[in-house]
Amino acid sequence: MDEKVLTQHFGVEGLFRIEVYLGQGGYKAVETALRQMTPAAVLDEVKRANLRGRGGAGFPAGVKWGFVPQNVPKPRYLCVNADEGEPGTFKDRYLMNHNPHLLLEGTIIASYAVGIHAAFIYIRGEYENVALRLEGAIAEAYRNGYLGKNILGTGFDLDVAVHRGAGAYICGEETALLESLEGKRGHPRLKPPFPASVGLFQSPTVINNVETLSNIPFIVQNGADWFIKKGLPKDGGTRIFGVSGMVKKPGIYELPLGTKLRTIIFDHAGGMKDGKQLKAVIPGGMSAPILRADEIDLPMDFDSLAGVGSMLGSAAVIVIDRETSMLDVLKAVAKFYSHESCGQCTPCRIGTAWINKIVKRLGRGEGEQDDIDSIIRLASNIKGKTLCPLGDAAALPILSICQKFRRELEGYLPHA
Amino acid sequence: MPRILIDDRVVEAAEGLTLLRAAESAGIPIPHFCHHPAFAPEGSCRMCLVEIEGYPKLELACSTAVKEGLKVRTISPKVVEARKGVLEFLLAEHPLDCPICDKAGECKLQDYFEEYGLFRSQFKEAKEKREKKFKLSRNLILDRERCILCTRCIRFLNEITKTEDAGILNRGIHSEVGIYESELIDNNYAGNLAQICPVGAITDSDFRFKTRVWFLESRKSICSLCSRGCNITIDSHPGQARTVRTRRVYRVRARQNPDVNFHWICDYGRYGYAYLDEGREDRLVWKKGDTETRLSWDKAAQILIEKVRSLVHLQKNSRMGVILHSNLTNEEFFLADRLFRKGLGIEKLFLADPPLGKGDGFLLTVDRTANRRGLQEVGLPLHDPDLKELSGLDLLLIFGHYLAAGTSPADLKGVLEKVETKALFASHKSGLDGLVDFIIPVPVLAEKDGTLTNIDGRVQPLIAGLDFDGDGVPEWRALLDLAKELKVEHKYFAPLASPKAVYRALQKEKPFFE
């Protein structure tokens, strides 16, 4: 239990209210950072903590902040990516719902470190209650002098606003998020330039995930060394694993990075439900390539999962049992990415739709012998060739399902 | 300049130039749909992916900037595979209705499939059904099944006309180009959309289903419908020997000139080509009372020369008049100045031009003639025709048919009846035809060689984009013939035989043209 960081006070009644949060030692990190540390010192501490982004790509947060140019006449912006759209992922919703002030505290410190005076929380449209809770928390923070002009009398100003998305998965991609925030269609931008130099309203912008920012107060309060000890040397801190599917206790589990996948499923989430047998696990949100039941004895960290050709992603663990048809899994994956492809670039727009059409035909029992090869070929033509990561997010799980469960899928083909 | 290696060839290219432009400048084509040199990189079609040594993924040639030492491959197996992949995706949802598509023959999708595709279709699913004739503007029709969503049209309307009329509607496979409900695209440059569409998605009702592009002959020309001097291509059909149909212009397209019109022309110029074929003077005639005699130019010239000679002999030079217009070449103005003003001492030199129009603040100018600036620079002093001054002349040479438009027919008739001999050099039929003694057909600017000076003082070469097949001769030829026969400034005129020679003489005399 003592290993919990982000969720340690989740049991406290009314934690979302500022007085309760303050009673648990809240906003101490803001005081420490703003009163005792220079922005450079905060940046340095976060860099040393090896805090890797919790949104999916795992880019070191401190390095990202360091890319923002300091001597340009334009304003700088912070965008909090709360567009939690990856299927299977629900950790940010819990974090914001239970502990909105922790996110605000991280936001304030990050803004202070990078010299930002305006931050936007881009939250997915479906999270209406969470958005209201955040707005309540922001109002409380303003009233208590943690937001607005001259925070804590230190001369530092910061405004925070909540912006609700309109229900597109693509808007979780950081540049599409920026377009959407600017009031445009959520289409990803070409990179470079990267948002750190040309982001929101053509200005330098930091985009961080909710969980990433929620870690910042603890790094400031306890130091980088403490944070690294909570996780791994190159991958500091804990991770909130969202376990769903055929387990006894689905939910969120905050565990050190490097916890074994088997441990998460069988110890923390209580093992398989109703005596079902494990067949496969999607370890990091739907876009992470699938693992077979015999591949789960590995530590859950960015590098270990990359080593087996999958990814930690958003750390959303989806557990699939033997009775679940892999064709149904493939259908769900293909339908989702076909539906959510923004349509901007050719391989993703047409490739995902084409694969979806083949998979649907397989589902109707009208499959043909070369269909699985076709799906593999089409997914390979999407992989690595699209404008934004959505193409890979679609191609990789589809490829892994077709390759690892080919025999089962072939069982759905009409016999010649 | 940085040096990069493209397919093992050393290419020098300016810093900041894209790989695509650098390769093109070295004669290495990289296929692309969404890239257009006038717009910011889009990177959405994924056709221009190339391999760069040391980069994990294929990179976009259209947006990756040149950097010293880059090693680029445009025909490696990975690149070839990726291109095939993009073509396979695009063609999977394409209606393949090339046999009835206007773009066939000049379609990038067709051309690239021939060059980089040539695979058998493996698409077994049902294609999406989409709107086949969605009206975008007065002239433009969008076929959403053919559209490959390169967004060139949208970016043209955002970046060039800045009217922001169009956008992408819906998402994923359902994405489509759309405009505001019940608001058609309405600007003077919309015609460019059909030209920049890389496939047959946007077609022009002015051209739709009229011919096939492979029947057309494309020649370079300069638009003469205003003083901007936009560079154009004229696409015409030469006519068929076995039928009565003669030459016909089907289409005018913008031709790139970064100093004049970039990649664009206005709709006024694009759709105003009917005059090239319609209402043309084609027979050279001499009218005496009710009889019309068809003559050759040489015969007509002889009669006119005799007339001039006798007037000069009687020292009645002041009883000759000339009316010119601004749709003549620099060479023709120069010859007219030499012959009429300096050679024959004619003082009654007038200018009759089409009326001014409205400019649009971009390319189209108020002045609807092609070479008024050239006239100014040659320095030929002309004034507006005063009908009273014409009355009682012995010889009036009228160039152009514009006098008929600016004057009331009755007044004109009254005045011209009092002129003994009237010769009309005109490209088009007009009210003047019944009032003159000679009608000498002449080519329009598009049928001539020479030079034009645009509103900004840029002198542009004009090469006949169309053949002239009337009875007459170009004005420069007529002026040279008259001058040579009349032995006016013989030493001067004798060596001149072509517009090029005239231009060299012009350059010697007028520093502006150097």
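Residues numbered from 1 in each chain as written. Chains lettered and ligands numbered in written order. Predicted model: local features only at pLDDT ≥ 70, side-chain atom pairs only at ≥ 80, totals over all residues.

Along its length, chain A carries 17 helices and ten strands. A globule of 416 residues ought to have a C-alpha radius of gyration of about 22 Å, and chain A, at 22 Å, matches this closely. Dimensions of chain A, computed from C-alpha atoms along their principal axes, come out at roughly 80 × 45 × 35 Å. Evaluated residue by residue, chain A yields a buried proportion of 56% over its 416 residues. Of all intrachain contacts in chain A linking residues separated by at least 6 positions in sequence, the fraction that spans at least 24 positions is 70%. (Helix = DSSP H or I, 4+ residues; strand = E, 2+ residues; numbered from the N terminus. Rg over C-alpha atoms; globule rule 2.2 N^0.38 Å. Buried ≥ 20, exposed ≤ 12 C-beta atoms within 10 Å, placed from the backbone. Contact = placed C-beta atoms within 7 Å.)

Right, let's talk about helix H7 (residues 297-313) of chain B for a bit. All names here are of chain B. Taking 1.5 Å of rise per residue, 17 residues should cover 24 Å, and H7 covers 24 Å from first to last C-alpha, within 8% of that figure. Those residues of H7 that sit buried are Ala300, Ala301, Leu304, Val308 and Leu311. Along H7, the residues classed as buried sweep out an arc of 95 degrees about the axis, all on the same side. The exposed set on the far side of H7, more than 90 degrees from its buried face, consists of Asp298, Glu306, Ser310 and His313. Of the surrounding elements, those touching the buried residues of H7 are strand E14 (285-288), strand E16 (320-324), strand E18 (395-399), strand E19 (421-426), strand E20 (438-441) and helix H13 (475-486). Just downstream of H7 lies Gln315, where phi reads positive at about 55 degrees. (Expected span 1.5 Å × (residues − 1). Arc of directions from axis to C-beta.)

Turning next to the sheet that holds strand E6 (residues 134-135) of chain B. All names here are of chain B. As summarised here, the arrangement of the three strands in space is E6-E7-E10, forming an open sheet in which the pairing is antiparallel. For this open sheet the edge positions go to E6 and strand E10 (202-204), each flanked by a neighbour on one side alone. When strand E7 (residues 140-142) meets E10, the two strands line up antiparallel, connected through three bridges. For Ile141, the partnering residue across the bridge sits in E10 and is Thr203. (Pairing = 2+ DSSP bridges.)

Residues and elements named next belong to chain A. Each domain of chain A was delimited in the assignment, giving domain 1 (18-230), domain 2 (238-321) and domain 3 (326-410). For domain 1 versus domain 2, the distance between C-alpha centres works out to 27 Å. The interface of domain 1 with domain 2 comprises 13 residues on the first partner and 16 residues on the second. Grouping the amino acids of the side of domain 1 that touches domain 2 by side-chain chemistry returns three nonpolar, five polar and five charged. (Domains from an automatic or database assignment. Nonpolar A, V, L, I, M, F, W, Y, C, P; charged D, E, K, R; others polar.)

Right, let's get into the domain arrangement of chain B. Residues and elements named next belong to chain B. Looking at the assigned domains, one finds that chain B contains domain 1 (3-92), domain 2 (98-204) and domain 3 (285-513). On a C-alpha basis, the centroid separation for the pair domain 1 and domain 2 is 23 Å. On the domain 2 side, the residues contacting the 16 residues of domain 1 number 18 residues. When the residues that make up the side of domain 1 that touches domain 2 are grouped by side-chain class, the tally is ten nonpolar, two polar and four charged.

A few words on the pairing of strand E2 (residues 118-123) of chain A. All names here are of chain A. Within E2, five of the six residues are buried, leaving the element largely enclosed by the surrounding structure. Examined bridge by bridge, strand E1 (residues 77-82) and E2 share six bridges and lie parallel to one another. Following the sheet pairing, Leu78 is matched in E2 by Ala119. The pairing of E2 with strand E4 (residues 156-164) spans six bridges and is classified as parallel. Across the sheet, the residue bridging to Ile121 is Val162, located in E4.

Let us look at the confidence of the model for chain B. Looking at chain B as a whole, the pLDDT averages 95, with 99% of positions reaching at least 70. Listed scores for the predicted complex are pTM 0.94 and ipTM 0.95. (pLDDT = per-residue confidence, 0-100.)

Look at the link from Lys191 of chain A to Pro192 of chain A: it is a cis peptide, with omega at -5 degrees. Mapped onto the elements, Pro192 of chain A comes out in the loop between helix H8 (174-181) and strand E5 (205-209). For the bond from Pro192 of chain A to Pro193 of chain A, the omega torsion is 0 degrees, close enough to zero to count as cis. Tracing the sequence through the fold places Pro193 of chain A in the loop between H8 and E5. A positive phi is found at Tyr27 of chain A, a non-glycine position, where the angle reads about 65 degrees. With respect to the secondary-structure elements, Tyr27 of chain A resides in the loop between helix H1 (18-23) and helix H2 (28-36). In this structure Tyr27 of chain A comes out as buried when scored by C-beta crowding, with 21 C-beta atoms within 10 Å. The backbone of Asp8 of chain B sits at a positive phi, close to 70 degrees, despite the residue not being glycine. Tracing the backbone through its elements, the reader meets Asp8 of chain B in the loop between strand E1 (3-6) and strand E2 (9-12).

Turning our attention to the interface of chain B and chain A. Listed by partner, the interface residues are 25 residues for chain B and 25 residues for chain A. Ranked by residues supplied to the side of chain B that touches chain A, first place goes to helix H2 (residues 77-92) of chain B with six residues. Split into classes, the residues belonging to the side of chain B that touches chain A amount to twelve nonpolar, seven polar and six charged.

What follows is about the sheet that holds E1 of chain B. All names here are of chain B. Across the sheet, which stays open at both edges, the five strands sit in the order E2-E1-E5-E3-E4 with mixed pairing between neighbours. Of all the strands in the sheet, just E2 and strand E4 (59-60) have a single pairing partner and so form its edges. With two bridges joining them, E1 and strand E5 (residues 71-73) adopt parallel strand pairing. For Leu5, the partnering residue across the bridge sits in E5 and is Lys71. Against the sheet, H2 engages strand E3 (49-52) and E5, with an angle of about 165 degrees to E3. (Axes fitted to C-alpha atoms, helices over the stretch in contact; angles between N-to-C directions.)

Looking now at the nonpolar core. Counting residues in hydrophobic clusters, the biggest one holds 221 residues, and the most contacted among them are Cys79, Val80, Ile109, Val281 and Ile398 of chain A. Leu311, Met320, Val378 and Val442 of chain B belong to the second-largest nonpolar core, a separate cluster that totals 62 residues. (Core = buried A, V, L, I, M, F, W, Y, C linked by C-beta atoms within 7 Å.)

Here we take up the packing of H2 of chain A against helix H6 (residues 100-114) of chain A. All names here are of chain A. Closest axis-to-axis distance for the H2/H6 pair is 9 Å, and the angle between their directions is 10 degrees. Taken together, the axes of H2 and H6 lie roughly parallel to each other. Within the contact between the two elements, H2 uses Ala29, Val30, Ala33 and Leu34 and H6 uses Glu105, Ile108, Ile109 and Tyr112. Its residues placed into classes, the contact of H2 with H6 shows seven nonpolar, no polar and one charged. (Parallel < 35°, antiparallel > 145°, perpendicular 65-115°, else oblique.)

So, on to the packing of helix H14 (residues 346-363) of chain A against helix H15 (residues 371-382) of chain A. Residues and elements named next belong to chain A. Remark: H14 packs on H15, axes separated minimally by 10 Å, with the N-to-C direction vectors making an angle of 165 degrees. Classed by the angle they form, the pair H14 and H15 counts as roughly antiparallel. For the pair H14 and H15, the sense of crossing is left-handed. Contacts from Pro347, Cys348, Gly351, Trp354, Ile355, Ile358 and Leu362 in H14 reach Asp371, Ser374, Ile375, Leu378, Ala379, Asn381 and Ile382 in H15. Taken together, the residues of the contact of H14 with H15 sort by class into ten nonpolar, three polar and one charged. (Left-handed = near helix turned anticlockwise from the far one by under 90°.)

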